[in-house]
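Structural description and commentary
Each chain, letter by letter, is given below.
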Amino acid sequence: MAELLEVHVTAPDRDVAERIASAVVAERLAAAAQLVAPITSVYWWRGEINRADEWLLFMKTTAERFDELTAAIRELHPYEVPQIFAVPLVAGTADYLEWIRRETSPEPGA
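Residues numbered from 1 in each chain as written. Predicted model: local features only at pLDDT ≥ 70, side-chain atom pairs only at ≥ 80, totals over all residues. Heavy atoms only, no water.

1. Focus: the sheet that holds strand β1 (residues 4-11)
Selection rule: Strand pairing is assigned whenever DSSP identifies at least 2 bridges connecting the two strands. Put simply, DSSP H or I for four residues or longer makes a helix, DSSP E for two residues or longer makes a strand, and each gets a number counted from the N terminus. The axes are straight lines fitted to the C-alpha atoms, using for helices just the contacting stretch, and the angles between their N-to-C directions are given from 0 to 180°. Residues are treated as being in contact if the distance between any of their heavy atoms lies within 4.5 Å.
Spatially, β2-β3-β1-β4 is the arrangement adopted by the four strands of the open sheet, whose pairing is antiparallel. Looking at the sheet topology across the chains shown, the edges are occupied by β2 (32-45) and β4 (84-88). Between one strand axis and the next, the sheet turns through 30 degrees on average, direction left out of account. Looking at chain direction, β1 and β4 are connected through five bridges and run antiparallel. In the sheet register, Val9 faces β4, and the bridge partner there is Ile84. Where helix α1 (residues 14-26) meets the sheet, it contacts β1, β2 and β3 (48-62), and its direction lies at approximately 130 degrees from that of β2.

As structure tokens, this is what we get:
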């Protein structure tokens, strides 16, 4: 797994998305979280095609914090099977990537 990740999560509404974003940033499990205005998801669930308006979250973290981040999201998320996946950050400006590392450190300033 890459050292730095962008984690994608969908939420059923803005309140849930904001609650997740605020909690994971406060706990330093993510350096930042962006909420994207409502999207429409089309998906299979229990043998049927469903449609739902959802909010999309993008969270920046480290591979080291991914499991803890996932556990926190699951605790706060109302879905039985929430969408949680990560894509590697393969490039970025050095100062931004260092900021992600610093802000997700279990010991701030480390």
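Additional details are given in the paragraphs that follow.
2. Observations regarding the layout of surface pockets
One water molecule sets the probe size; rolling that probe over the atoms shows where empty space is left. Here is the rule we go by: The definitions used throughout rest on a 1 Å grid laid over the protein atoms alone, on which a cavity is an enclosed set of points accommodating a 1.4 Å probe that cannot get out and a pocket is an open set flanked by protein within 12 Å on both sides along at least five of seven lines; lining residues are those having an atom within 4 Å of a point. Grid points are joined across faces, edges and corners, and a volume is the space filled by probe spheres set on the points. Under the scheme applied, nonpolar residues are Ala, Val, Leu, Ile, Met, Phe, Trp, Tyr, Cys and Pro; charged residues are Asp, Glu, Lys and Arg; polar residues are all the others, including Gly.
In this structure, the largest pocket spans a volume of roughly 230 Å³. If you trace the largest pocket, you find it lined by Thr10, Ser41, Tyr43, Trp44, Trp45, Glu54, Tyr79, Glu80, Val81, Pro82 and Gln83. Per-element tally for the lining of the largest pocket: the top contributor is β2, with four residues. Residues belonging to the lining of the largest pocket are distributed by class as follows: six nonpolar, three polar and two charged.

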